[in-house]
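Tertiary structure, described
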Amino acid sequence: MPTLRYHYGERDGKNRPALPRIYWKQIYFAGVSMETCNYLYDVSMSYVNPGWQERYCELVKRIDRYLKKNYAGYFAGLQLYQTGPMNYVVVAVYYDVPGVSETLPCILHYVNEEYRDAVGHNVRRKQILKFDRARRLHGQPAPPSDCG
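We now turn to the structure provided with this report. (Residues numbered from 1 in each chain as written. Predicted model: local features only at pLDDT ≥ 70, side-chain atom pairs only at ≥ 80, totals over all residues. Heavy atoms only, no water.)

**Considering the packing of helix H2 (residues 53–70) against helix H3 (residues 100–118)**
It is the contact of H2 with H3, at a shortest axis distance of 11 Å, that shows an interaxial angle of 150°. By the criterion of interaxial angle, the relationship of H2 to H3 is roughly antiparallel. Of the two elements, H2 crosses H3, and the hand of that crossing is right-handed. When H2 is examined against H3, the residues Tyr56, Leu59, Val60, Arg62, Ile63, Tyr66 and Leu67 are found in contact with a partner set consisting of Ile107, Tyr110, Val111, Glu114, Tyr115 and Ala118. (Axes fitted to C-alpha atoms, helices over the stretch in contact; angles between N-to-C directions. Helix = DSSP H or I, 4+ residues; strand = E, 2+ residues; numbered from the N terminus. Parallel < 35°, antiparallel > 145°, perpendicular 65-115°, else oblique. Left-handed = near helix turned anticlockwise from the far one by under 90°. Contact = heavy atoms within 4.5 Å.)

Rendered as structure tokens:
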């Protein structure tokens, strides 16, 4: 496990508080600073049959790890919220970079296969927001030029 080393009060080249080096490796991908990029969201609700909640949470965590590893330039992460004993909301966060819309079908194919294999009909999902099918009316501006 790498050691995170920095000193209190230390500043980086842009006069920002210095962050541990491992952190900078996480937010840079192919020389692009992901901290300055905008994000796109897919939001879905899930109803999980009784007795399947733990398996469902593990499935979401497994999908998150896989997508972060294999689609790091496009996929920022999954957020899982529980809104009731058997009700969940999943927020998939993507970087707003060129090529994300073309990569989305591959990502969704993987996710759908994982759901089918792991939980079958024990989880019912309903898509609330899909960034590729919705028109943004207000919010983040166009991505900065260094995001792709």
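**Considerations on the pairing of strand S5 (residues 87–95)**
Taken residue by residue, a regular strand's side chains alternate between the two faces of the sheet. Of all nine residues in S5, eight are buried; the element is thus mostly enclosed. Examined bridge by bridge, strand S4 (residues 75–82) and S5 share seven bridges and lie antiparallel to one another. What sits directly across from Phe75, in S5, is Tyr94. The turn linking S4 back onto S5 is made up of four residues. (Buried < 20%, exposed > 50% of the residue type's maximum accessible area, 1.4 Å probe, protein only. Pairing = 2+ DSSP bridges.)

**Quick notes on the sheet that holds strand S3 (residues 39–48)**
Pairing is antiparallel in the open sheet, where four strands are placed in the order S4-S5-S3-S6. Of all strands in the sheet, those with a lone pairing partner are S4 and strand S6 (123–130), marking the two edges. The mean angle between the axes of side-by-side strands here comes to 20°, regardless of whether they run parallel or antiparallel. Sheet topology note: the S3/S5 ladder contains nine bridges and is antiparallel. What sits directly across from Asp42, in S5, is Ala92. Against the sheet, H2 engages S3, S4, S5 and S6, with an angle of about 165° to S4.

**Examining the nonpolar core**
Within soluble globular proteins, side chains that are nonpolar generally end up buried alongside one another. If you look at the biggest cluster of nonpolar residues, it comprises 26 residues, and the most contacted ones within it are Tyr56, Ile63, Leu67, Tyr94, Val111 and Tyr115. Those elements that place two or more of their residues in this core are S3, H2, S5 and H3. If we skip the residues at most four places from it in the chain, Val111 touches Ile63, Leu67 and Arg125. (Core = buried A, V, L, I, M, F, W, Y, C linked by side-chain atoms within 4.5 Å.)

**Some points on the packing of aromatic side chains**
In total, this model carries five aromatic pairs according to the counting rule given. Ring geometry for Tyr66 against Tyr110: centres 3.9 Å apart, planes inclined by 20°, an arrangement best described as stacked. Placement of Tyr66 in helix H2 and of Tyr110 in helix H3 is noted, with a sequence separation of 44 residues between them. Taking 5.7 Å as the distance between ring centres and 70° as the angle between the ring planes, the aromatic pair formed by Phe75 and Tyr94 counts as edge-to-face. With a gap of 19 residues between them, Phe75 in strand S4 and Tyr94 in strand S5 connect regions that are remote in the sequence. Assigned by exposure class, Phe75 and Tyr94 land together as buried. (Phe/Tyr/Trp six-rings, centres within 6.5 Å; stacked < 30°, edge-to-face > 60°.)

**Examining H3**
At 3.6 residues per turn, the α-helix brings residues three or four places apart onto the same side. Here H3 contains 19 residues, and its C-alpha end-to-end distance of 26 Å stays within 8% of the 27 Å for a straight helix at 1.5 Å per residue. Where H3 is concerned, the buried positions are Val100, Thr103, Leu104, Ile107, Tyr110, Val111, Glu114 and Tyr115. Phi turns positive, to about 55°, at Gly120, one or two residues after H3. (Expected span 1.5 Å × (residues − 1).)

**What to know about the environment of Val60**
When you line up the elements, Val60 lands in helix H2. For the pair Val60 and Tyr115, spaced 55 residues apart in the sequence, the C-alpha separation amounts to 8.9 Å. Ignoring any residue separated from it by four or fewer positions in sequence, one finds Val60 in contact with Leu78, Leu80, Val90 and Tyr115.

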